[in-house]
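What the coordinates show
Each chain, letter by letter, is given below.
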Amino acid sequence: MNGPDADFIIIGSGPAGVSAAFPLIAAGRRVLMLDAGNDVGSRDESRSVRVLGGDLESLRADDGSSPKLQTPVSRGILERFQGESGIGGVGFMPIGSLARGGLSNIWGAQISYLDADDIANWPIDIASLQKSYERISERIGISRNADFKRSAEGESVLPLGATAAYVLHRHRVAKPANGSFRLFPAVNAILSESRPGRAACDLGSDCLYGCPNGAIYNSRQDLLSLRKSPHFRLLDNMRAVSLTHNPGWTVRTADGSSFFAPRIILAAGVLGTAALLADHLPIEEQGLRLLNSPTLAIPLLSPQRLLRSSTPTHSLAQLGLSLRYGDGISDYVTGAIYEVGSLPAQNFINRMPLGRNAGRAAFERIAGSLLVATIYYPGDQSRSYIHRDAAAEKSLTIHGGFAEGFDILAEALKRALRREWKRLGLIPLPGSSLAEPGVDAHFAGTLPMGASGPFGTSADGELNFHRGLHIVDGSIIPDLSSKYITMTIMANADRIAHRLAETEAKPAS
Ligand SMILES: Cc1cc2nc3c(=O)[nH]c(=O)nc-3n(C[C@H](O)[C@H](O)[C@H](O)COP(=O)(O)OP(=O)(O)OC[C@H]3O[C@@H](n4cnc5c(N)ncnc54)[C@H](O)[C@@H]3O)c2cc1C
């Protein structure tokens, strides 16, 4: 019998997969990474092709979803996942990726760090997670500097647009009485100082479509450095379709190839990992609980900024916000306030009861005063389950829903927010909308760390009863606060890989 192809096979080259790969190769372990995709898009394409598509398909396809999900790159990633992953949705939009770099090709790069309260129910200590946050921050570059302690709340990061800066100023001079509402410059994984191979953000304003200069972190950038290591190998166009324990693990791919290693690390994203494990889990009866963040979008108008010209600025999250609505540890919402001036005008003009030219003129006059707040609720407000679906064309179906009483909570929150909008001089416009579950793409908790039984994993992400099968993506995060999740997925993957590097398959000296 031939020897193993590597000490570890990692499935998935998104943020989780690359974060697991670095510590392993640094410790001299041989890593084979398989990814279903290859490169998406091309840096050589003109801006209009990147934004609107070769034959303006983005404009025609405006279906009311977030502008970010309508770009050619987003559509290429999401439609392929919806077509080939074997996962369908009922009242749930299954967002996942089958592209090299995963969803980091289209993420908003807003960063959050969890604290000791947030991880009170996890079987790990906060110090180990913090160490991993620091390592990841150094590697990927966070706003002005790479040191997350210095880019904490309060310090300005990338320059704010004029309207966002005005709103932040109002917040600072008229603080809320009880301190439950916080507004702060968002922290993003976007470079404000250039690094080798990546230019700093130049406020070019079309970063909604990915940054041609590489200022926004994308895990494809990490693949370039990983590939310099003799211990690392990446194989593209390798969609894993089955895992067999023999002992050790054999991975079979859609093209008929197979690969063998003593340990396997799943980093296919929460939905991708669920699809790969469906044959190993007894999910028929109760379904697999999936935590996702219910998401609300609220358009806002700043009358004081009306008729001022919009300033060119980067179009990703500019102001971060959080609002506490209860006494529980996770009873808060988190979100972002975006300036609309840098979003695609067409999305707004299409919705105006005016002709195209009149709509454009009207939009240009008011764009500088418009904002959109996007609010994320914690995962305990979701009720989404993954079921096996032998009868349907898809092998798994996700049924999406909200926790009982969520509608009452949502109304109470809107009321609380209305007080804050008033204090900030903002008028909420009609048209606020609750997104279909899944659109948030903040997923966790299908196979939580510390849980017993067939659906639980150890603190090292090892699936119970499946020795050598480790999971490092959001699947094993036991609870989902409303904070942005990707930084924590990366830190947790780094933490697990360090532990595996210390204990498993030491290279011969
Ligand atoms: C529009 C949008 C905006 C977002 N904005 C933010 C934000 O501002 N902040 C934040 O924290 N998070 C954000 N997110 C979420 C963030 O993108 C995800 O949390 C993150 O990408 C998850 O990383 P991952 O590595 O676990 O999975 P993914 O990024 O999904 O990567 C999975 C990888 O596995 C591969 N794969 C899947 N199945 C297989 C298979 N069977 N065989 C081989 N390879 C496979 C895929 O090709 C992919 O490379 C956003 C997501 C979206 C869609």
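This report concerns the structure included in the present document. Since the model is a prediction, treat every value here as computed from it, not as a measurement.

Notes on the pattern of salt bridges
Enumeration according to the criterion identifies 14 salt bridges in this entry. Put simply, Arg239 and Glu84 hold a salt bridge, and the shortest N to O gap is 3.8 Å. Taken together, the positions of Arg239 in the loop between strand S5 (232–235) and strand S6 (240–245) and Glu84 in helix H4 (residues 72–84) put the pair 155 residues apart, joining distant regions of the chain. For Glu84, a relative accessible area of 34% gives the class partly exposed. Among the ionic pairs, Arg263 bridges to Glu462, the shortest N-O distance being 3.4 Å.

Focus: the packing of aromatic side chains
When we look at a pair of aromatic rings, we describe it by the centre distance and by the angle of the planes. Under the criterion given, the structure shown has six aromatic pairs. Ring centres of Tyr376 and Tyr484 lie 5.3 Å apart, and the angle between their planes is 70 degrees; this geometry places the pair in the edge-to-face category. Of this pair, Tyr376 sits in strand S14 (residues 370–376) while Tyr484 sits in the loop between strand S20 (469–471) and helix H12 (486–503), placing them 108 residues apart in sequence. For the pair Tyr376 and Tyr484, a shared accessibility class is recorded, and that class is buried. Seen from their ring centres, Tyr377 and Phe406 are 4.7 Å apart, and the 75 degrees between their planes marks the pair as edge-to-face. Taken together, the positions of Tyr377 in the loop between S14 and strand S15 (384–388) and Phe406 in helix H11 (residues 406–423) put the pair 29 residues apart, joining distant regions of the chain. Comparing Tyr377 with Phe406 shows no difference in burial state: the two are buried.

Topic: the site of the ligand
Close to the ligand lie 38 residues, the nearest being Asp35, Leu103, Gly108, Ala240 and Thr486. Here an oxygen atom of the ligand and a backbone polar atom of Ala99 are 2.9 Å apart. With respect to the ligand, the side chain of Thr486 contributes an N or O atom lying 2.7 Å from a nitrogen atom. Looking at the shell around the ligand, the elements with two or more residues in it are helix H1 (15–26), helix H8 (269–277) and H12. Split into classes, the residues belonging to the shell around the ligand amount to 22 nonpolar, twelve polar and four charged.

Quick look at the packing of helix H5 (residues 126–140) against H12
How two helices pack is summed up by the angle between their axes together with the distance between the axes. Across the interface, H5 lies against H12 with an axial gap of 8 Å and an inter-helix angle of 110 degrees. With respect to H12, the element H5 is oriented roughly perpendicular. Classified by chirality, the crossing of H12 by H5 is right-handed. Residue-level inspection shows Ser128, Leu129, Ser132, Tyr133, Arg135, Ile136, Ser137, Arg139 and Ile140 of H5 in contact with H12, the latter providing Met487, Thr488, Met490, Ala491, Asn492, Asp494, Arg495 and His498. Looking at the contact of H5 with H12 residue by residue, the class counts come to seven nonpolar, six polar and four charged.

Reading the values: the criteria
- Residues numbered from 1 in each chain as written.
- Predicted model: local features only at pLDDT ≥ 70, side-chain atom pairs only at ≥ 80, totals over all residues.
- Heavy atoms only, no water.
- Salt bridge = Lys/Arg side-chain N within 4 Å of Asp/Glu carboxyl O.
- Helix = DSSP H or I, 4+ residues; strand = E, 2+ residues; numbered from the N terminus.
- Buried < 20%, exposed > 50% of the residue type's maximum accessible area, 1.4 Å probe, protein only.
- Phe/Tyr/Trp six-rings, centres within 6.5 Å; stacked < 30°, edge-to-face > 60°.
- Near = heavy atom within 4 Å.
- Polar contact = N/O pair within 3.5 Å; in protein donor to acceptor, adjacent residues only side chain to side chain.
- Nonpolar A, V, L, I, M, F, W, Y, C, P; charged D, E, K, R; others polar.
- Axes fitted to C-alpha atoms, helices over the stretch in contact; angles between N-to-C directions.
- Parallel < 35°, antiparallel > 145°, perpendicular 65-115°, else oblique.
- Left-handed = near helix turned anticlockwise from the far one by under 90°.
- Contact = heavy atoms within 4.5 Å.

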